[in-house]
Amino acid sequence: MKGIMIQGTSSDAGKSFLVTGLCRVFSDRGYRVCPFKSQNMSNNSYVTKDGLEMGRAQAVQAEAARLDPQVFMNPILLKPRNDATSAIVLMGQECTDARADYYRAFTMNEGLSTVRAALAHIEKNFEAVLIEGAGSPVEINLNATEIVNMRVAREADVPVILTADVDRGGALAALVGTLDLLEADRDRVKGIIFNKFRGNLSLFEPAVRWTEERTGVKVLGVMPWTPARIASEDSLSIRWNARSPKGFLDNEIDNGINNRINNRIDNRIDNRIGSEGLVIGVIRLPYISNHTDLEAFEAEPDVELIEVDTHTSLRRVDAVILPGTKSTVLDMKVLRDSGLAGRLLDFHQRGGYLFGLCGGYQMLGQYIDDRYLRDNDTLKEIEGLGLLPVVTTFGEKKTTRRREGWTIHPLFTSNAARVEGYEIHFGETRSVGEGRGDGLSEKERFYPLFVLNGYEDGMADRELRVAGTYLHNAFHNDIFRAFWLNALRKSKGLPERSVTDTTAANEEAYDVLAARMREHIDIDYIFTLSGLLDRKEQ
């Protein structure tokens with residue numbers, strides 16, 4: 001079939017980034033091109049219009065190609081539950097939990113046949129395919145049963161472009177080593193792209209010449225570091241600023257040293273955004289999922305996102321967000337064992353704002369009931385933070401659906417905002433009545449945040465100082481995000497800001513990335529490799 005495949009020398013080499021840019025380049029030239037990744041391993045997922053689940057990266061690539069995301073673009077999604085087990089999402093629906101030994105057999109049977117069917121559909125309905133690989137194509141212990149790198153290139157019969165991350169170092173060795181280990185598949189590699197280069201590009205020209213002489217493979221260009229706002233695929237690409245030198249449960253660090261480090265970071269943030277900005281902490285949960293919910297904040301010029309763990313000073317933080325998680329129970333246990341749960345309660349008591357998304361919403365409630373061990377393998381119940389009058393019970397049912405509706409919180413009474421997004425969760429959360437009854441003052445009462453497809457969702461206090469929702473991408477709704485941020489600004493004595501248009505910002509990011517690729521990469525050669533006739537850009 002017509003198209004190309006981007007493979008990398010490692011994870012986070014920029015494969016998703018390059019495919020996204022090429023989707024926009026091909027679309028600009030008038031081609032109906034389809035992104036494809038046979039198998040994704042990520043807890044960042046997306047729900048399609050028909051309620052099916054797929055990898056977030058391919059949904060972004062579809063958007064760059066001006067298409068609606070569809071599950072055939074990512075027919076297999078693996079969602080890790082722990083170090084040994086992942087949930088298998090096949091053509092958008094979760095079918096089983098699998099250990100590595102089971103999955104090896106799955107790949108050569110149902111997995112491979114599903115990949116072939118998806119490729120056949122793409123060949124029939126699109127002019128070309130832009131395929132993304134995963135990790136490295138020379139994981140020798142996996143090659144016999146892999147269905148995401150060279151096996152897919154052979155199935156689609158497309159040429160491969162190999163990319164390496166210059167920024168992390170070792171790019172030349174990684175490229176040469178990868179090509180040497182490819183053996184019979186080496187001839188399928190028709191181009192090399194150096195990615196994420198910082199500095200004067202002319203200084204890298206000797207490396208380009210050496211690479212072509214050493215490997216015999218054409219270097220298609222050196223892609224400079226491009227700070228475009230493109231949604232990331234997994235936790236390797238999280239762009240929050242770290243605030244502390246160590247992670248959860250590591251309490252051996254000297255508190256005096258840690259405080260001096262945090263004070264320096266506090267001062268750096270103060271100097272960068274000054275007293276006119278907001279600092280929002282995000283808890284980097286061990287089982288974090290769908291962290292892309294927060295990427296809309298990158299479009300806000302006065303907002304700084306920082307990573308929060310047990311060592312982080314909350315002195316300069318205006319709000320803390322508890323993101324989604326693949327295991328609410330285990331992450332809640334980490335918050336308690338590390339002491340961060342207590343510090344969050346103190347932070348809220350002092351006037352700080354807390355917002356929970358999906359699993360984070362469940363943690364803000366009174367307790368979490370996992371008597372059937374659906375969320376984890378050991379704990380049947382755990383207390384939440386107790387800030388919202390809700391409880392969560394886990395059962396066998398998984399919810400995956402698109403949602404749309406309106407804000408119904410009383411602060412939005414005069415200006416209700418339309419919202420849309422999606423739900424992906426186990427567990428049902430219900431109000432326990434406390435805080436919603438008669439006889440309470442407005443400050444004591446709690447209210448639902450949204451009405452979505454006719455049903456109430458979420459919960460918040462009167463001032464939005466504590467709030468939670470199941471709606472993924474809630475903050476991608478520009479009016480709602482602006483309203484919540486303006487509540488923070490008001491509490492800090494800052495002037496309100498107007499609504500930021502993230503749709504326009506995303507489109508601009510795709511266009512910027514495509515322009516940089518046209519400037520630095522031999523795009524005409526890529527079109528030749530893909531088997532397409534060139535068209536003038538529109």
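This write-up is about the structure you can find in this document. In this text the structure is predicted, and so the values were computed from the model without any measurement.

**What to know about the overall build of the protein**
Part 1 of the argument: When helices and strands are counted, the protein shows 13 helices and 27 strands.
Part 2 of the argument: Across the 538 residues in the protein, those meeting the buried criterion constitute 58%.

**Some thoughts on the side chain of Asn-473**
Part 1 of the argument: By secondary structure assignment, the location of Asn-473 is in the loop between β27 (466-469) and α11 (478-491).
Part 2 of the argument: Asn-473 gets classed as buried once you look at its relative accessible area, which sits at 11%.
Part 3 of the argument: Those residues in contact with Asn-473 that sit more than four places away from it in its chain are Arg-56, Asp-293, Glu-420, Gly-421 and Tyr-422.

**Description of the sheet that holds strand β2 (residues 33-36)**
Part 1 of the argument: One open sheet accounts for six strands, arranged β2-β9-β1-β10-β11-β12; its pairing is parallel. Each end of this open sheet is capped by a strand with a single partner; those strands are β2 and β12 (219-224). Between one strand axis and the next, the sheet turns by 20 degrees as a mean value, whatever way the strands run.
Part 2 of the argument: Pairing geometry for strand β11 (residues 189-197) and β12, over four bridges, is parallel. Paired with Phe-194 across the strands is Val-222, a residue of β12.
Part 3 of the argument: Its contacts with the sheet place helix α13 (residues 523-530) against β1 (3-8), β10 (160-165), β11 and β12, and it is angled at close to 115 degrees to β1.

**Quick notes on the pattern of salt bridges**
Part 1 of the argument: Summed over all chains, the structure comprises 33 salt bridges.
Part 2 of the argument: A salt bridge links Lys-398 to Glu-53, with the nearest nitrogen and oxygen atoms 2.9 Å apart. Taken together, the positions of Lys-398 in strand β21 (residues 390-407) and Glu-53 in strand β5 (residues 53-55) put the pair 345 residues apart, joining distant regions of the chain.
Part 3 of the argument: Glu-53 sits in the buried class, given a relative accessible area of 2%.
Part 4 of the argument: Where Arg-374 meets Glu-94, a salt bridge forms, and the shortest distance between an N and an O atom there is 3.4 Å. Residue Arg-374 is located in the loop between β19 (367-369) and β20 (381-383), and its partner Glu-94 is located in strand β8 (residues 93-99); the two are separated by 280 residues in the primary sequence.
Part 5 of the argument: Given the relative accessible area of 15%, Arg-374 is considered buried.

**A short note on helix α1 (residues 15-28)**
Part 1 of the argument: For α1, built from 14 residues, the straight-helix expectation of 20 Å at 1.5 Å per residue is met to within 8% by its first-to-last C-alpha distance of 20 Å.
Part 2 of the argument: Of all 14 residues in α1, 14 are buried; the element is thus mostly enclosed.
Part 3 of the argument: Of the residues one or two after α1, Gly-30 is the one with positive phi, at around 95 degrees.

**Structural notes on the packing of aromatic side chains**
Part 1 of the argument: Applying the stated criterion across every chain, the model contains 18 aromatic pairs.
Part 2 of the argument: Here Tyr-361 and Tyr-470 contribute two aromatic rings whose centre-to-centre distance is 5.3 Å and whose plane-to-plane angle is 80 degrees, an arrangement assigned as edge-to-face. You can see Tyr-361 sitting in helix α10 (residues 359-363) and its partner Tyr-470 sitting in the loop between β27 and α11, a full 109 residues away along the chain.
Part 3 of the argument: By relative accessible area, Tyr-470 is classed as buried at 6%.
Part 4 of the argument: A network of ring pairs unites the aromatic residues Phe-297, Phe-355, Phe-412, Phe-450, Phe-475, Phe-480, Phe-483 and Trp-484 as a single cluster.

**Here's the deal with the environment of Tyr-46**
Part 1 of the argument: Here Tyr-46 is to be found in strand β4 (residues 45-47).
Part 2 of the argument: For the pair Tyr-46 and Ala-59, spaced 13 residues apart in sequence, the C-alpha to C-alpha distance is 6.9 Å.
Part 3 of the argument: Those residues within four positions of Tyr-46 in sequence are excluded, and the remaining contacts are Leu-52, Glu-53, Met-54, Gly-55, Arg-56, Ala-59, Pro-69, Arg-402, Tyr-422 and Ile-424.
Part 4 of the argument: At a separation of 3.5 Å, a polar atom in the side chain of Tyr-46 contacts the side chain of Arg-402.

**So, the side chain of Thr-211**
Part 1 of the argument: Within the element layout of this structure, Thr-211 appears in helix α6 (residues 205-215).
Part 2 of the argument: Overall, the relative accessible area of 2% leaves Thr-211 in the buried class.
Part 3 of the argument: Sequence-distant contacts of Thr-211, defined by excluding residues within four places in its chain, comprise Leu-172, Ile-192, Phe-194, Gly-216 and Val-219.

**With respect to the packing of α1 against helix α12 (residues 502-520)**
Part 1 of the argument: The geometry of α1 relative to α12 is characterised by a closest axis approach of 8 Å and an angle of 90 degrees between their N-to-C directions. Relative to α12, α1 is oriented roughly perpendicular. Listed contacts from α12 to Phe-17, Leu-18, Thr-20, Gly-21, Leu-22, Arg-24, Val-25 and Asp-28 of α1 are Glu-507, Tyr-510, Asp-511, Leu-513, Ala-514, Met-517 and Arg-518.
Part 2 of the argument: Considered class by class, the residues forming the contact of α1 with α12 number eight nonpolar, two polar and five charged.

**Some points on unusual backbone geometry**
Part 1 of the argument: Positive phi is not limited to glycine here, since Arg-66 has a value of about 65 degrees.
Part 2 of the argument: With respect to the secondary-structure elements, Arg-66 resides in the loop between α2 (56-64) and β6 (76-80).
Part 3 of the argument: Backbone geometry places Leu-373, a non-glycine residue, at a positive phi of 55 degrees.
Part 4 of the argument: Looking at the secondary structure, you find Leu-373 in the loop between β19 and β20.

**Remarks on the sheet that holds strand β23 (residues 446-447)**
Part 1 of the argument: The mixed open sheet is built from seven strands, whose spatial order is β15-β13-β16-β18-β27-β26-β23. Looking along the sheet, the strands with just one partner apiece sit at the ends: β15 (303-308) and β23.
Part 2 of the argument: One ladder, built from six bridges, connects strand β13 (residues 278-283) with β15; its direction is parallel. Each residue of the ladder has a partner; that of Gly-281, found in β15, is Ile-306.

**Section: α12**
Part 1 of the argument: For α12, which comprises 19 residues, the first-to-last C-alpha distance of 27 Å matches the rise-based estimate of 27 Å (1.5 Å per residue) to within 8%.
Part 2 of the argument: Every buried residue of α12 is accounted for by Thr-502, Ala-505, Asn-506, Ala-509, Tyr-510, Leu-513, Ala-514, Met-517 and His-520.
Part 3 of the argument: Those residues of α12 that are buried lie in contact with α1, α2, β12, α11 and α13.
Part 4 of the argument: Regarding α12, its N-cap is Asp-501, as a side-chain oxygen of that residue lies 3.1 Å from the backbone nitrogen of Thr-503 further along.

**Overview of the packing of α1 against α13**
The relative placement of two packed helices comes down to the angle between their axes together with the axis-to-axis distance.
Part 1 of the argument: Two elements in contact, α1 and α13, have axes separated by 12 Å at closest approach and are oriented at 85 degrees. The angle between α1 and α13 places the two elements in the roughly perpendicular class. On α13, the residues that touch Leu-22, Val-25 and Phe-26 of α1 are Ile-523, Ile-526, Phe-527 and Ser-530.
Part 2 of the argument: In terms of residue class, the contact of α1 with α13 is made up of six nonpolar, one polar and no charged.

Parameters and conventions
- Along every chain, residues carry numbers that run from 1 in the direction the sequence is written.
- Only residues with pLDDT of 70 or above have their local features reported here, since the model is predicted, and side-chain atom pairs are shown and tallied only from 80 upward, although totals for entire chains, interfaces and linings are computed over all residues.
- Excluding hydrogens and water, the side-chain values take into account all heavy atoms of the structure.
- Only DSSP runs of H or I covering at least 4 residues are called helices, and only runs of E covering at least 2 are called strands; the numbering of each starts at the N terminus.
- When accessible area is computed with a 1.4 Å probe and restricted to protein chains, residues below 20% of their type maximum are described as buried, those above 50% as exposed, and intermediate ones as partly exposed.
- Residues count as neighbours in contact if any of their non-hydrogen atoms are within 4.5 Å of one another.
- Strands are labelled as partners when DSSP assigns at least two bridges between them.
- Axis lines are fitted through C-alpha atoms, for helices just across the contact stretch, and the angle between N-to-C directions can take any value from 0 to 180 degrees.
- Note on definitions: salt bridges are taken to be side-chain nitrogens of Lys or Arg within 4 Å of carboxyl oxygens of Asp or Glu.
- Given a helix with a known number of residues, its expected span is that number minus one, times 1.5 Å.
- Pairing of aromatic side chains requires ring centres within 6.5 Å, counting the rings of Phe and Tyr and the six-membered ring of Trp. Pairs whose planes differ by under 30 degrees are stacked, by over 60 edge-to-face, and all others tilted.
- A 3.5 Å cut-off defines polar contacts: any pair of N or O atoms within that distance qualifies, except that in protein one atom must be a possible hydrogen donor and the other a possible acceptor, and neighbouring residues in sequence count only when both atoms are side-chain atoms.
- In these notes the angle categories are as follows: under 35 degrees is roughly parallel, over 145 is roughly antiparallel, 65 to 115 is roughly perpendicular, and the rest is oblique.
- Throughout, the ten residues Ala, Val, Leu, Ile, Met, Phe, Trp, Tyr, Cys and Pro are labelled nonpolar, Asp, Glu, Lys and Arg are labelled charged, and all others, Gly among them, are labelled polar.

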